[in-house]
Amino acid sequence: MKITENDIESLKGISKEIRKSIIEEVYSAQSGHPGGALSATEILTVLYFNQMNIDPERPDDENRDRFVLSKGHASAGLYATLAERGFFDKSELKNFRKLGSMLQGHPDMKHIPGVDMTTGSLGQGLSAANGMAMASKIDKRGFRVYCLVGDGEIEEGQIWEAAMTSSHYKLDNLCLIIDNNNLQIDGKVTEVMSIYPLKEKLQSFGFEVFEVDGNNIDELITVFQKAKTIKEKPTAVIAKTIKGKGVDFMENQVSWHGKAPKEEEYKLAMEELNK
Amino acid sequence: MKDEKKATRQSYGEALREVGMKNKDIVVLDADLAGATKSDIFKKEFPDRFFDMGISEQDMITTAAGMASCGKIPFASTFAVFAAGRAYDQIRNSICYPNLNVKICGSHAGVTVGEDGATHQMLEDINLMKGLPNMKVFSPSDDVQTKWIVEEMLNIQGPCYIRTARLASNIIYDDGEKFDGKKSVQFGEGTDATVFATGICVSEALKAQVELEKAGINIRVIDMFSLKPIDEEVIVKAAKETKKLISVEDHNIIGGLGSIIADVLVQKYPAKLLKMGIHDRFGESGKAIELLGKFQIDCNAIVNKVKEE
């Protein structure tokens, strides 16, 4: 499929809308994780508006592509994307993290249309995605599975158990994406617990590895297209991103990992995103 | 009770093969212990639906969750200590919270693992698993019941935990006997005492019942094979009708069968309960039979407990 300049511009517009929704959600809840949701916005945009075979009218379609947000704390980003794509009404976003809302703090597959896996306890999403990819192969359904992990998250040992499984079972319908913003709660990934060298690690575990500017829609599309052509092995996309991307005062600031903006900050952020 | 003996882990493996023939959605996962949990019996018959996940229980459990989310019915088996213990968070967050249809088998439960010792003798799994919302917990006493439970778990849409043993124990029930998954099985109507037992301790309690009868003491033995849900009715009835209440299990007395029964009693019909089991300590190496004696959960210990003033 040929991607035109118009398509890219349209996707950029969508990611801007998603960013605005993320800020609205976190501001409304006065709780949540804006930094890692903003870093992953282009990834979510490209998957849900360009790459994945999904239909908001049929969120339970057995043959749909699956997405596992292993870094479940970026829920504000996933919910904003699902609402933007039409899985549920955007007005629901204002209830994010509130009592009685379906939009739980971390993704809940039982109550939110479009959420394919319940996540939140870090390190488990790749295993779940493997299970889905294996089910796709057992039943010869041919759907693909995408799994987004945080770079700090891959300090969890289970990720590497799962990486062995992806490779051992030759899950070429699985694409692992690492949101490589290099920040985790206690500081820089390189200072807290280094995950590097990352490309070599993933390669040695049997992945076909791509590196990409994870905030660049054009590059993301190209790389996901390439990943679809790889056979007999899983693919991994190291997406170099900026935590807090799109909101100037949040960019590369670890303090915005899990903090909600106050009124002045909210206005400032929305002003920038509305430009 | 029959003289013939079989380990419930063996029955589990045989049952997997049976249900595997009837239901093509069943897949089986193991963590490098297929020969021990007996899931290899399924593997031989259906190699395409068997997945060895290697020595990685956390990955196995969450992979099973992913498969279940796509309509498969995974049975994930490994030693109870690694299933319920090591992969607890995975069972909690990836299976029970989203209420996914995964069946977990914890084999080699209790001190009757024997020579492998404390690291491999799971005495806390009932406690861990019963505390999880959506989880059903089964602890079969013999071959026939294990097979019935494996079938029954397919009628339940949601997570189940089945606890099996390494040690061969007497077959209690007649072939093909049916049970009620929300109930228990009562042996005898004796009123001198009630012995609530589960798993491998049921056959020990039945032996004790025979011994005690010789001494003119009539007890009833209740096979509590379903620990969650628990048969509240039979507990209250026993409390009303019998002079003494005893629970016996190859599990820590904290959080196991005894605690579950005590919970019912304290709310429905307060009565004294004597808890037999492992008294808040770890196990140790030895022969399974020796350990049943050492930890006072065998026939003799039950006889003595009933006779105690």
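Residues numbered from 1 in each chain as written. Chains lettered and ligands numbered in written order. Predicted model: local features only at pLDDT ≥ 70, side-chain atom pairs only at ≥ 80, totals over all residues. Heavy atoms only, no water.

Enquirer: How should I be thinking about the overall build of chain B in this particular structure?
Expert: Regarding its fold elements, chain B presents 13 helices and 14 strands. Over its C-alpha trace chain B gives a radius of gyration of 18 Å, about what one expects of a compact globule, namely 19 Å for 309 residues. Taking the principal axes of the C-alpha coordinates as reference, chain B spans close to 55 × 40 × 35 Å. Counting every position in chain B, which comprises 309 residues, the buried fraction comes to 64%. (Helix = DSSP H or I, 4+ residues; strand = E, 2+ residues; numbered from the N terminus. Rg over C-alpha atoms; globule rule 2.2 N^0.38 Å. Buried < 20%, exposed > 50% of the residue type's maximum accessible area, 1.4 Å probe, protein only.)

Enquirer: I'm lost on the overall build of chain A in this one. Help?
Expert: For chain A, the helix and strand inventory stands at 10 helices and seven strands. Taking 2.2 N^0.38 as the reference for a compact globule, 275 residues should give roughly 19 Å; the C-alpha atoms of chain A span a radius of gyration of 17 Å, in line with that estimate. Taking the principal axes of the C-alpha coordinates as reference, chain A spans close to 50 × 45 × 40 Å. Classification of the 275 residues of chain A by burial places 58% in the buried group.

Enquirer: Would you explain helix 9 (residues 201-214) of chain B in this entry?
Expert: An α-helical turn contains 3.6 residues, so any two residues separated by three or four positions project in the same direction. Residue and element names in this part refer to chain B. With 14 residues, helix 9 ought to run about 20 Å at 1.5 Å a step, and its terminal C-alpha atoms sit 20 Å apart, in line with that. Buried within helix 9 we find C201, V202, S203, E204, A205, L206, A208, Q209 and L212. Phi turns positive, to about 80°, at G216, one or two residues after helix 9. (Expected span 1.5 Å × (residues − 1).)

Enquirer: Would you explain the side chain of Q90(B) in this entry?
Expert: Assignment of secondary structure puts Q90(B) in helix 6 (residues 88-96). Looking at Q90(B), the relative accessible area reads 5%, which means it is buried. The contact partners of Q90(B), leaving out residues within four places of it in the chain, are Q124(A), Q158(A), Q58(B), I61(B), T62(B) and I95(B). (Contact = heavy atoms within 4.5 Å.)

Enquirer: Even after reading the chapter, I still don't get the interface of chain B and chain A, so can you show me in this structure?
Expert: Many descriptions give the size of an interface as the accessible area lost when the pieces come together. Contact with chain B, which involves 24 residues of that partner, is made by 25 residues of chain A. The junction of chain B with chain A conceals about 2000 Å² of combined surface from both sides, 58% of it contributed by carbon and sulfur atoms. Salt-bridge contacts for D139(A) lead to K72(B); the nearest nitrogen and oxygen are separated by 2.8 Å. There are 11 residue pairs in polar contact (both at pLDDT 80 or more) connecting chain B and chain A. Elements supplying a minimum of two residues to the side of chain B that touches chain A: strand 3 (50-52), helix 4 (57-69) and helix 6 of chain B. At nine residues, the largest contribution of residues to the side of chain B that touches chain A is made by helix 4 of chain B. Its residues placed into classes, the side of chain B that touches chain A shows nine nonpolar, 10 polar and five charged. (Buried area = accessible area lost by both parts, 1.4 Å probe. Salt bridge = Lys/Arg side-chain N within 4 Å of Asp/Glu carboxyl O. Polar contact = N/O pair within 3.5 Å; in protein donor to acceptor, adjacent residues only side chain to side chain. Nonpolar A, V, L, I, M, F, W, Y, C, P; charged D, E, K, R; others polar.)

Enquirer: In this structure, what is going on with unusual backbone geometry? I would like to understand it.
Expert: Most peptide bonds adopt trans geometry, and most residues besides glycine take a negative phi value. Cis geometry marks the peptide bond from Y196(A) to P197(A); its omega dihedral reads 0°. Tracing the backbone through its elements, the reader meets P197(A) in the loop between helix 7 (189-192) and helix 8 (198-204). Residue K228(B) is joined to P229(B) through a cis peptide bond whose omega torsion reads 5°. Note that P229(B) resides in the loop between strand 12 (226-228) and helix 10 (232-241). The phi dihedral of R97(A) falls on the positive side, at around 65°, and the residue is not glycine. Here R97(A) lies in the loop between helix 4 (75-85) and helix 5 (125-138). Judged by relative accessible area, which is 26%, R97(A) ranks as partly exposed. A positive phi angle, near 65°, is found at D32(B), a position not held by glycine. Its place among the elements puts D32(B) in the loop between strand 2 (26-30) and helix 2 (34-37). The class for D32(B) is partly exposed, based on a relative accessible area of 45%.

Enquirer: For this particular structure, what's the right way to read the packing of aromatic side chains?
Expert: Remark: the centre distance and the inter-plane angle together describe each pair of aromatic rings, the angle taken between the planes. All names here are of chain B. Summed over the entire model, instances satisfying the criterion amount to 15 aromatic pairs over all chains. Ring centres of W148 and F179 lie 5.5 Å apart, and the angle between their planes is 65°; on these two criteria the pair is classed as edge-to-face. Placement of W148 in helix 8 (residues 143-153) and of F179 in the loop between strand 8 (169-170) and strand 9 (185-187) is noted, with a sequence separation of 31 residues between them. In this structure W148 comes out as buried when scored by relative accessible area, which is 11%. Note on Y173 and F179: the rings are 4.7 Å apart at their centroids and 90° apart in plane angle, and the pair reads as edge-to-face. As far as the burial class goes, Y173 and F179 line up, both buried. Three or more aromatic residues joined by ring pairs form one cluster here, namely W148, Y173, F179, F187 and F225. (Phe/Tyr/Trp six-rings, centres within 6.5 Å; stacked < 30°, edge-to-face > 60°.)

Enquirer: I'm lost on the domain arrangement of chain B in this one. Help?
Expert: Residue and element names in this part refer to chain B. According to the domain assignment, chain B consists of domain 1 (5-170) and domain 2 (185-304). Each side of the interface is counted separately: domain 1 has 34 residues, and domain 2 has 36 residues. One can count zero salt bridges joining domain 1 with domain 2. When residues of the side of domain 1 that touches domain 2 are traced back to their parent elements, those giving at least two are helix 7 (125-130), strand 6 (136-138), helix 8 and strand 8. Here the side of domain 1 that touches domain 2 gets four residues from one element, more than from any other, and that element is helix 7. (Domains from an automatic or database assignment.)

Enquirer: Any chance you could explain the pattern of salt bridges here in plain terms?
Expert: Two side chains bearing opposite charge may form a pair once their charged atoms approach each other closely. Across all of its chains, the model carries 38 salt bridges over all chains by this definition. Salt-bridge contacts for K183(B) lead to D231(B); the nearest nitrogen and oxygen are separated by 4.0 Å. Of the two residues, K183(B) is situated in the loop between strand 8 and strand 9 and D231(B) in the loop between strand 12 and helix 10; the sequence distance between them amounts to 48 residues. Through salt bridges with shared partners, a single network forms among E62(A), D139(A), R141(A), D25(B) and K72(B).

Enquirer: Help me understand the environment of F224(A) in this model?
Expert: By the element assignment, F224(A) lies in helix 9 (residues 217-227). Spatially, the C-alpha atoms of F224(A) and V46(A) are 9.0 Å apart, while their sequence positions differ by 178 residues.

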